[in-house]
Amino acid sequence: MAKEAASQVLSVEGREVQITHPDKLYFSSQARISKLDLVRYYLSVAPGALAGIRDRPIVLKRFVNGAEAEAFYQKRAPENRPSWLRTVTLSFPSGRTAEEIVVDDAPGLAWIVNLGCIELHPHPVLSGNLEHPDELRVDLDPIPGVSWGDVRRVALEVNGLLEELGLRGWPKTSGSRGMHVNVRIEPRWTFAEVRRAAVALSRAVERRAPSLASSKWWKEERHGVFLDYNQNAKDRTTCSAFSVRPLPDARVSTPLHWHEVSDCDPADFTIFTVPERFAKIGDPHAGMDAEPGSLEKLLELADKDEAAGLGDAPWPPHFRKMAAEGPRVAPSRAKSDVKKPRVKMPLITVANSPDRSAALAGLERWKTKYAEVASLLAVDDVLVDSMRGRSSTWTRVRINLRHIPEALRPPQETPDPDHDPTREWRQGRKKKTAKAINQQLDQA
């Protein structure tokens, strides 16, 4: 009886979907939203949400203890799954493979949300053509302190460039601080070619708006809004349209019409407002599949960049070194023919946490404690890094004190909060190394 009381069965398009612990709060710090509320939200916008994930393998990003707790990524499909859910097998740059879930309908959508998938992370490929993306993804990621107005201006620059290249971009809020512009393309280019086109696009937008946009991978070189071309590398996923994000107000990554971009506010789009918007205007991206475009002109731009001496841009750190890639090291640490003393930036860490909002709250406490110092920081002196753990991400916040007189620089203190999920693993590795060295010395 207890098991029955802890679940609720929904009838979704003729299929029964069991929602376990339906009253469990998934949001509680600001909005109060239960798991069942989340499932009902997704069902209310199912045609739009499914348009972004249908026929695509999906990575399960599971928040089993709600939005305020740590999430983990699950690539492999759960063994205990309904017989009507299909899967496909993907291969990854590491050489490994995984059988991943493909969601085609509303029952499948409800089923993965029941697993704790607050947001949806599909790959940019269809199940019948896993090596050729049908989507180029432009991810506009503002560095800390950059205004939302600048994000919108860069998005409009992206649109202008795409139109000149004969491509159509489909904008949406990221549900956080940035914006996404998705471009439907013909599925005839490889991941490497699509990424190469994304690099060319990022560099072209930077040339059009040099004070606002940045295509630079290394954080020490970025300014304004970073166009993250590496979101197009194989095995990278971003949240799809109508995804709820794990923020206190339960914001939604919301599709927009271009005429809405110039004055939209991401805070207006939440789990409480988007269903009514969807019922009233439908899905602004409903026509996306009807207009696939060609990457030929973007790849011509890439050829011109290479002829001008611009080689491949850095890849994500977990990818193998690429043949045409330059040194995968931050410029301040790179070796050169002329030996220069390495300038070590005065960096301090102020927060480590699997919960991004908790890390940012720690940053605000540090700013309050050191108000005079905080007033002297430049926008790009605050470094908020998304760090990859073994199966999840965590947030590290650092402060660059380069603009602070030495007499005023705060010392490195214990970060607040200080939860680095990799610390235990690193300490264990260090102990193993020390033990191995001691064994070698004993044998000598």
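Look up: the structure comes first, before these words.
Here's what I pulled together on the structure shown here. Remember, predicted model here, so these are calculated numbers, not experimental data.

Here's the deal with the overall build of the chain
Thinking step 1. When helices and strands are tallied, the chain shows 12 helices and 17 strands.
Thinking step 2. Here the chain, with 444 residues, has 50% of them falling under the buried criterion.
Thinking step 3. Look at the contacts in the chain between residues 6 or more apart in sequence, and 69% of them connect residues 24 or more apart.
Thinking step 4. Carbon and sulfur atoms make up 50% of the accessible area of the chain, which totals about 21,800 Å².

A short note on helix α3 (residues 46-53)
For an α-helix, the turn length of 3.6 residues means that residues three or four places apart are oriented alike.
Thinking step 1. Within α3, six of the eight residues are buried, which leaves it mostly tucked inside the rest of the structure.
Thinking step 2. If you check which residues of α3 are buried, you get A46, G48, A49, L50, G52 and I53.
Thinking step 3. Buried residues in α3 make contact with α2 (35-44), β5 (57-62), α4 (106-114), β9 (121-122) and α8 (274-281).
Thinking step 4. Two residues or fewer after α3 comes D55, characterised by a positive phi angle close to 65°.

A closer look at the pattern of salt bridges
Thinking step 1. One pass over the structure, following the stated rule, counts 32 salt bridges.
Thinking step 2. With a shortest N-O distance of 2.9 Å, E260 and R277 are connected by a salt bridge. Pair noted here: E260 is in helix α7 (residues 258-261) and R277 is in helix α8, with a separation of 17 residues, a long-range link.
Thinking step 3. With relative accessibility at 16%, the residue R277 sits in the buried group.
Thinking step 4. A salt bridge links D385 to R396; the nearest nitrogen and oxygen atoms lie 3.1 Å apart. Residue D385 is found in strand β16 (residues 382-388), and its partner R396 is found in strand β17 (residues 393-400); the two are separated by 11 residues along the sequence.
Thinking step 5. Using a relative accessible area of 3% as the deciding quantity, one classes D385 as buried.

So, the sheet that holds strand β14 (residues 225-227)
Thinking step 1. One open sheet holds the five strands; their spatial order is β11-β12-β10-β14-β13, and the pairing between them is mixed. Each of the sheet's edge strands pairs with one partner strand only, and the pair in question is β11 (169-173) and β13 (213-214).
Thinking step 2. In this structure, β11 lies alongside strand β12 (residues 179-184), joined through five bridges in antiparallel fashion. Bridging from a neighbouring strand, T173 pairs with M179 of β12.
Thinking step 3. Taken strand by strand, helix α5 (residues 148-164) contacts β10 (135-142), β11, β12, β13 and β14, and its axis lies near 15° from that of β12.
Thinking step 4. Taken strand by strand, helix α6 (residues 191-208) contacts β10, β13 and β14, and its axis lies near 40° from that of β10.

Describing the nonpolar core
Thinking step 1. Ranked by internal contacts, the top residues of the largest apolar core, which has 91 residues, are L109, L136, V244 and L298.
Thinking step 2. Counting residues per element, this core draws most heavily on α6, which supplies eight residues.
Thinking step 3. Residues within four places of V244 in sequence aside, it is in contact with F27, L38, Y41, Y42, I118, E119, A250, R251, V252 and I271.
Thinking step 4. Grouped together as the second largest cluster of nonpolar side chains are 15 residues, A351, Y370, V382 and I399 included.

Structural notes on the packing of α2 against α4
Thinking step 1. Two elements in contact, α2 and α4, have axes separated by 9 Å at closest approach and are oriented at 155°. Overall, the two elements α2 and α4 adopt an arrangement that is roughly antiparallel. The crossing of α2 and α4 is right-handed. For the pair α2 and α4, the contacting residues are K35, L38, V39, Y42 and L43 in the first and A106, L109, A110, V113 and N114 in the second.
Thinking step 2. Taken together, the residues of the contact of α2 with α4 break down into eight nonpolar, one polar and one charged.

Focus on unusual backbone geometry
Thinking step 1. Between D416 and P417 the backbone carries a cis peptide bond, its omega angle lying at 0°.
Thinking step 2. Checked against the element boundaries, P417 lands in the loop between β17 and α12 (423-443).
Thinking step 3. A positive phi angle is found at F242, which is not glycine, with a value near 75°.
Thinking step 4. Tracing the chain through its elements places F242 in the loop between β14 and α7.
Thinking step 5. Its identity as a non-glycine residue notwithstanding, A250 has a phi of 55°, on the positive side.
Thinking step 6. For A250, the position within the fold is in the loop between β14 and α7.

Thoughts on the environment of N400
Thinking step 1. For N400, the position within the fold is in strand β17.
Thinking step 2. The class for N400 is buried, based on a relative accessible area of 6%.
Thinking step 3. Here the alpha-carbon distance between N400 and L377, two residues 23 residues apart in the chain, equals 8.1 Å.
Thinking step 4. Apart from residues no more than four positions distant in its own chain, N400 is found in contact with M345, P346, L347, L377 and D381.

As for the packing of aromatic side chains
Thinking step 1. Scanning the entire structure with this criterion turns up six aromatic pairs.
Thinking step 2. For the ring pair W217 and F226, a centre distance of 6.2 Å and an interplane angle of 65° mean the geometry is edge-to-face.
Thinking step 3. Accessibility expressed as a relative area gives 1% for F226, which makes it buried.
Thinking step 4. When the ring of W366 is compared with that of Y370, the centres are 5.3 Å apart and the planes differ by 45°; the resulting orientation is tilted.
Thinking step 5. Its relative accessible area of 8% is what places W366 among the buried residues.
Thinking step 6. Taken together, the aromatic side chains of W217, F226 and Y229 make up a single cluster linked through ring pairs.

With respect to α4
Thinking step 1. With respect to burial, α4 is a largely interior element, nine of its nine residues being buried.
Thinking step 2. Turning to α4, its buried residues number three or more, namely A106, P107, G108, L109, A110, W111, I112, V113 and N114.
Thinking step 3. Near the N-terminus of α4, the side chain that reaches the backbone nitrogen of G108, with its oxygen 3.0 Å away, is that of D105.
Thinking step 4. Just beyond α4, the residue with positive phi is G116, at close to 100°.

Cut-offs used in this document
- Residues numbered from 1 in each chain as written.
- Predicted model: local features only at pLDDT ≥ 70, side-chain atom pairs only at ≥ 80, totals over all residues.
- Heavy atoms only, no water.
- Helix = DSSP H or I, 4+ residues; strand = E, 2+ residues; numbered from the N terminus.
- Buried < 20%, exposed > 50% of the residue type's maximum accessible area, 1.4 Å probe, protein only.
- Contact = heavy atoms within 4.5 Å.
- Areas by Shrake-Rupley, 256 points an atom, 1.4 Å probe, with all protein chains shown as cover.
- Salt bridge = Lys/Arg side-chain N within 4 Å of Asp/Glu carboxyl O.
- Pairing = 2+ DSSP bridges.
- Axes fitted to C-alpha atoms, helices over the stretch in contact; angles between N-to-C directions.
- Core = buried A, V, L, I, M, F, W, Y, C linked by side-chain atoms within 4.5 Å.
- Parallel < 35°, antiparallel > 145°, perpendicular 65-115°, else oblique.
- Left-handed = near helix turned anticlockwise from the far one by under 90°.
- Nonpolar A, V, L, I, M, F, W, Y, C, P; charged D, E, K, R; others polar.
- Phe/Tyr/Trp six-rings, centres within 6.5 Å; stacked < 30°, edge-to-face > 60°.
- Polar contact = N/O pair within 3.5 Å; in protein donor to acceptor, adjacent residues only side chain to side chain.

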